[in-house]
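# Observations on chain architecture
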Amino acid sequence: MDVESNQRESEKMVREISPLLKFVLELGPLVVFFFANSRGEWLAKTFPVLTEFGGPIFIATGLFMIATAVALTASWILTRTLPMMPLISGIVVLVFGALTLYLQNDTFIKMKPTIVNALFGVILLGGLLFGQSLLGYVFNSAFKLNDEGWRKLTFRWGFFFLFLAVLNEVVWRGFSTDTWVAFKV
């Protein structure tokens, strides 16, 4: 078999899923986090084992980690691939969620969006410094743009991610945990 045949075989093995299911897999863990934080006390009374996590933000963090792992596993089983952004975000959720639970300090889970957004922003803008419009590699099959269009889109998304990182820092440092969770969602 030649290289092209191998590539075609690999592409056939990657399965497509419905946009609705993809949406649920990507946003489901966030919905779990929001629900668990807002209903943490009720969850702790209903399922006493959850009190091991701590207060509502810690219950939400633990369930967020579980939901993220389930969503990534389901995505892999259904498509035989993992999208880069959910994968990176999932790794950060698991690492910072574990730190949050182990140290009983919600600062770590609150920093997660800052780190993920800053990372994506720096990668996108860094790629432009080296003459690469990295969004083109990710979304080339979804959008048909010329090189200048990909550069503009990558530049705007890069700065948008950095803006989100700064905004997350302002909200989690300046407002209550419940306000931060509502902002996050």
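Refer to the preceding data block for the structure.
Keep in mind that what you see is a predicted model, and the values were worked out from it rather than measured. In every chain, residue numbers begin from 1 and rise along the written sequence. Reporting in this predicted model follows two pLDDT cut-offs: at least 70 for local features of residues, and 80 or more for side-chain atom pairs to be given and counted; totals over whole chains, interfaces and linings ignore these cut-offs and use all residues. Note: side-chain values were computed over all heavy atoms of the structure, leaving out hydrogens and water.

## Some remarks on the overall build of the protein
Using the following cut-off: Helix and strand definitions follow DSSP, with helices as H or I runs of at least four residues and strands as E runs of at least two, each counted in order from the N terminus. The rule is simple: take the accessible area with a 1.4 Å probe, protein chains only, and divide by the maximum for that residue type; under 20% is buried, over 50% is exposed, in between is partly exposed. Note on contacts: a residue pair qualifies if any of its non-hydrogen atoms lie within 4.5 Å across the two residues. To be clear on the numbers: accessible area is Shrake-Rupley with a 1.4 Å probe, and residue cover counts the displayed protein chains and nothing else.
From N to C terminus, the protein includes nine helices and zero strands. Walking the protein from its N terminus toward its C terminus, one meets helices and strands in the order α-α-α-α-α-α-α-α-α. Principal-axis analysis of the C-alpha atoms gives the protein an extent of 60 × 35 × 25 Å. For the protein, with 185 residues in total, the buried portion stands at 34%. In the protein, of all internal contacts separated by at least 6 residues, the share reaching a separation of at least 24 is 62%. For the protein, the accessible area works out to roughly 11500 Å², and carbon and sulfur atoms hold 69% of it.

## Some words on the packing of helix H4 (residues 56-79) against helix H5 (residues 84-103)
Selection rule: To obtain each axis, a line is fitted to C-alpha atoms, and for helices this fit is confined to the stretch in contact; angles are then taken between N-to-C directions over 0 to 180 degrees. By the definition adopted for this analysis, an angle is roughly parallel if under 35 degrees, roughly antiparallel if over 145, roughly perpendicular if from 65 to 115, and oblique otherwise. By the definition used in this description, the sense in which the near helix is turned from the far one sets the handedness, with an anticlockwise turn below a right angle giving left-handed and a clockwise turn giving right-handed. Three categories are distinguished: nonpolar for Ala, Val, Leu, Ile, Met, Phe, Trp, Tyr, Cys and Pro, charged for Asp, Glu, Lys and Arg, and polar for the others, with Gly belonging to the last.
Two elements in contact, H4 and H5, have axes separated by 9 Å at closest approach and are oriented at 150°. Between H4 and H5, the angle falls in the class roughly antiparallel. Judged by the twist between their axes, the crossing of H4 over H5 is left-handed. Packed against H4, whose contacting residues are Phe58, Thr61, Gly62, Phe64, Met65, Thr68 and Leu72, the element H5 presents Pro86, Leu87, Gly90, Val93, Leu94, Gly97, Ala98, Thr100 and Leu101 at the interface. Residue classes in the contact of H4 with H5 are distributed as 10 nonpolar, six polar and no charged.

## Points about a nonpolar patch on the surface
Stated formally: Note that patches include only residues with greater than 30% relative accessible area and no salt bridge, and the join distances are 9 Å for like charges and 5 Å for nonpolar side chains (Val, Leu, Ile, Met, Phe, Trp, Tyr). We define a salt bridge as a side-chain nitrogen of Lys or Arg found within 4 Å of a carboxyl oxygen belonging to Asp or Glu.
A contiguous nonpolar surface patch, about 740 Å² in accessible area, is contributed by Leu20, Leu21, Phe23, Val24, Leu27, Trp76, Ile77 and Leu78. For the nonpolar patch, the elements supplying multiple residues, two or more each, are helix H2 (19-38) and H4. The dominant element in the nonpolar patch, judged by the number of residues it contributes, is H2, at five residues. In this structure, Leu21 sits in helix H2.

## Considerations on the pattern of salt bridges
Opposite charge on two side chains makes pairing possible when the charged atoms of those side chains draw close. Applying the stated rule across the entire model yields three salt bridges. Here Lys110 ties to Asp106 by a salt bridge, and the two come within 3.2 Å at their closest N and O atoms. The residues Lys110 and Asp106 share a single accessibility class, namely buried. Arg173 serves as the salt-bridge partner of Glu169, at 2.6 Å between the closest nitrogen and oxygen. In this pair, Glu169 and Arg173 are both assigned in helix H8 (residues 147-174), four residues apart and thus about one turn of the helix distant. Taking the relative accessible area as the measure of exposure, Glu169 reaches 17% and is therefore buried. Residue classification places Arg173 among the exposed residues on the basis of a relative accessible area of 58%.

## Looking at H5
Stated precisely, the cut-off is as follows: Each helix should span, by expectation, one fewer than its residue count multiplied by 1.5 Å.
For H5, built from 20 residues, the straight-helix expectation of 28 Å at 1.5 Å per residue is met to within 8% by its first-to-last C-alpha distance of 28 Å. For H5, every residue scored as buried is listed here: Ile88, Ser89, Gly90, Val92, Val93, Phe96, Gly97, Thr100 and Leu101. Here the buried face of H5 lies against H4 and helix H6 (107-129). Within two residues after H5, Gln104 carries a phi angle of roughly 50°, on the positive side.

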